[in-house]
Amino acid sequence: MELRQLEYFVAVADERNFTRAAERVHISQSGVSAQIRRLERELGAELFDRSARVVTLTVAGKAVLEHARTALAAAGAVSRVAGEVTDLVRGRLTVGMVAGCTLAPFFDALAAFHRAHPGVEVSLLEDRSDRLADDVRSGALDVALVGTADDAPEGLETQVVVRERLVVAFPPGHPLAGRSRLGLRDVVAHPVACMPSGTGLRAVLDEACAARGVRPVIAFEAGAADALADLAARGLAVAVLSESMAGRYDDRLVHRLLADVSAHALLALVRRPTHSPAVREFVRHGRRAFAVGDEASR
């Protein structure tokens, strides 16, 4: 008994016609008929009543049909599993990264994935978060680390790896340095340096300002935290950053939580709902790398 015989048998049972079944499985009608006859001889029973214009199942055929479908489904599962293993032996993974990312756990995840699956070619693209999310939706990217103000960018599966409050940073001699508690209205009285539109951090700031009816003067935009810190250190603006970003500049900047902004800036790994085994593996490595990073920082 061969799988192709079962496939032809199911096709004839579904179509109730040998000609349509042959078209469905892409061989000649005589080929389908010959294989079904061979299957019937092997089973010792006729599977179809061919006496009428419409082919119908015999009692034996009805009894066999469910098992034939189960056997074909099992064979398909074997093929899918083998294909998934092949994808992880050789293939390609295209990863997006939010501009200015300096998070070691993300690069740790890339390295761990490469060590585990050296046959998969990995490429990395840096861009704004909104464009990265669009590229994941379109299939141009397999997975991306994006900044967002929402837990789940529309249409994408999301794994949040970093969740942080916004802070404002300025040099020690700045007028705000003597204040222990700062709100948005305190900050927008000064020129602001922030990430550009389309980034998660900027989305949180814009939404918070809109909710409170304040309009900041965004004097400088930059995709890298280092650039924002340099601008603030020179007294050109106060920088709006995440907590982990600001902590890197304690040698030259003072930072305070924005007390009236409770929303968090998020970093998340996003991928399409239907994705490859390589994407699942990379997300698994990413989840582990960021979890280890959190434990190390405690």
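Scope of this entry: the structure provided in the associated data block. All figures in this text were calculated on a predicted structure; none of them were measured in a lab.

Quick notes on the rules
Residues numbered from 1 in each chain as written. Predicted model: local features only at pLDDT ≥ 70, side-chain atom pairs only at ≥ 80, totals over all residues. Heavy atoms only, no water. Helix = DSSP H or I, 4+ residues; strand = E, 2+ residues; numbered from the N terminus. Polar contact = N/O pair within 3.5 Å; in protein donor to acceptor, adjacent residues only side chain to side chain. Contact = heavy atoms within 4.5 Å. Pairing = 2+ DSSP bridges. Axes fitted to C-alpha atoms, helices over the stretch in contact; angles between N-to-C directions. Buried < 20%, exposed > 50% of the residue type's maximum accessible area, 1.4 Å probe, protein only. Phe/Tyr/Trp six-rings, centres within 6.5 Å; stacked < 30°, edge-to-face > 60°.

### Digging into the side chain of threonine 58
Note on placement: threonine 58 falls in the loop between β2 (56-57) and α4 (59-89). A polar contact of 2.6 Å, which involves the side chain of threonine 58, links it to the backbone oxygen of glutamate 46. Looking at threonine 58, its side chain comes within polar contact range of the main-chain nitrogen of glycine 61, at 3.0 Å. Dropping the residues within four chain positions of it, threonine 58 is found in contact with Glu46, Leu47, Phe48 and Asp49.

### Focus: the sheet that holds strand β4 (residues 120-127)
Pairing in this open sheet of five strands is mixed, and the strands run β4-β3-β5-β12-β6 from one edge to the other. On the outer flanks of this sheet lie β4 and β6 (157-164), each paired with one strand and no other. Within the sheet, the average angular offset between the axes of one strand and its neighbour, ignoring direction, is 20°. Pairing analysis gives three bridges linking strand β3 (residues 91-98) to strand β5 (residues 143-148), with the strands arranged parallel. Residue pairing in the sheet places glycine 96 in a bridge with alanine 144 of β5.

### Considerations on the sheet that holds strand β11 (residues 254-257)
Taking strand neighbours across the sheet as the criterion, the five strands line up as β9-β8-β10-β7-β11 in an open arrangement whose pairing is mixed. The sheet terminates laterally at β9 (218-221) and β11, the two strands that pair on one side only. Each adjacent strand pair in this sheet contributes to an overall mean axis angle of 30°, direction not counted. Relative to β11, strand β7 (residues 166-170) runs antiparallel, the two being bridged by four bridges. Paired with alanine 169 across the two strands is histidine 255, which belongs to β11. In this fold helix α8 (residues 200-212) packs onto β7, β8 (192-194), β9 and β10 (238-242), with an angle of close to 115° to the strand it touches most, β10. Lying on the sheet, helix α9 (residues 225-233) is in contact with β7, β8, β9 and β10; it crosses β10 at an angle near 150°.

### Some details on unusual backbone geometry
Positive phi, close to 55°, is recorded for arginine 16, a residue that is not glycine. Tracing the chain through its elements places arginine 16 in the loop between α1 (3-15) and α2 (18-25). What makes arginine 16 partly exposed here is its relative accessible area of 48%. Non-glycine residue histidine 26 carries a positive phi angle of around 65°. You can see histidine 26 is positioned in the loop between α2 and α3 (29-43).

### Some thoughts on the packing of aromatic side chains
A complete count under the given rule lists five aromatic pairs for this structure. Look at phenylalanine 106 and phenylalanine 282: their rings are 6.2 Å apart centre to centre, the planes differ by 90°, and that puts the pair in the edge-to-face class. Of this pair, phenylalanine 106 sits in helix α5 (residues 104-116) while phenylalanine 282 sits in helix α11 (residues 277-297); the two residues are 176 residues apart in sequence, bridging distant segments of the chain. Accessibility assignment for this pair places phenylalanine 106 and phenylalanine 282 in one class, buried. Taken together, Phe106, Phe107, Phe113 and Phe282 form an aromatic cluster joined through their ring pairs.

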